[in-house]
Amino acid sequence: MAGANQACIFCQIVRNSTTTHLLHTDEKVVAFQDIKPAAQRHYQVIPKEHIPTVKDLKRRDEDYSLVSHMLSVGKELLQKDAPQAIHRFGFHQPPFNSVDHLHLHCFALPFAPRWKAIKYKSLGPLGGFIEAETLLEKIRPLPSKV
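Note that residues are indexed from 1 along each chain, following the sequence as it is written. For this predicted model, a pLDDT threshold of at least 70 governs which residues receive local features, and a threshold of 80 or more governs which side-chain atom pairs are given and counted, while totals over whole chains, interfaces and linings are taken from all residues. Only hydrogens and water are set aside when side-chain values are computed; all heavy atoms of the structure are taken into account.

J.: Just to check I follow, could you spell out the pairing of strand β5 (residues 104–111) for this structure?
T.: For a regular strand, side-chain orientation follows a simple rule: the groups alternate between the two sheet faces. Accessibility here uses a 1.4 Å probe with only protein chains present; expressed as a share of the type maximum, an area under 20% marks a residue as buried, one over 50% as exposed, and anything in between as partly exposed. Secondary structure elements follow DSSP: runs of H or I no shorter than four residues count as helices, runs of E no shorter than two count as strands, and numbering proceeds from the N terminus. β5 sits mainly inside the fold: six of its eight residues count as buried. Sheet topology note: the strand β3 (residues 39–47)/β5 ladder contains six bridges and is antiparallel. The residue of β5 that forms the bridge with Gln44 is His105. Two strands qualify as a pair provided DSSP detects at least 2 bridges between them.

Below, the structure written as structure tokens:
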């Protein structure tokens, strides 16, 4: 795995060197249940490549494609497991991320307990939580000039 970080717990999950049960795996990402769920269903979708945070993503096709794929996997999992629930998807931004490995939070709401919702609020210019669709808009590649 290119760019793996030996100390990163998510890289260890990707390498399958933990007991974490994978809900999904493909050539780009793996998905699993959050160890401390904050909602009825709370999954993480992570890239196999070690990318520290959303701040490391740029306006390029490969980053946009990766985040789009992560979101697609998250939506598919929640649609299968909690089709009637309201779904929410997003990322923590530094310094509010708990693990320095890009990870998409996938929620089937409501938050449980309700106070956990505070961890998943946008703090505007200070960071906090960014919705997946908002991040996609920020990293959407600019049209090439011909």
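J.: What exactly am I supposed to notice about the UniProt feature "active site" (unreviewed entry) in the chain here?
T.: UniProt positions are given in the numbering used here, feature names are shortened, and annotations may be inferred rather than shown by experiment. UniProt tags His105 as "active site" (unreviewed entry). Its location among the elements puts His105 in strand β5. Dropping the residues within four chain positions of it, His105 is found in contact with Asp34, His42, Tyr43, Gln44, Arg88, Phe89, Gly90, His92, Tyr120 and Phe129. In the analysis that follows, any N or O atom pair within 3.5 Å is treated as a polar contact, provided that within protein one partner can donate a hydrogen and the other can accept it, and provided that, for residues neighboring in sequence, both atoms belong to side chains. A polar contact of 3.2 Å, which involves the side chain of His105, links it to the side chain of Gln44. Throughout, a residue-residue contact means that at least one pair of heavy atoms, one from each residue, lies within 4.5 Å.

J.: Would you take a moment to explain the pattern of salt bridges for this structure?
T.: When the charged atoms of two side chains lie near each other, side chains of opposite charge can form a pair. By definition, a salt bridge exists where a carboxyl oxygen of Asp or Glu is found within 4 Å of a side-chain nitrogen of Lys or Arg. Tallied over the full model, the rule gives five salt bridges. For Arg60, the salt bridge identified is with Asp63, shortest N-O distance 2.9 Å. For Asp63, a relative accessible area of 5% puts it in the buried group. One continuous salt-bridge network, built from bridges that share partners, spans Arg60, Glu62 and Asp63.

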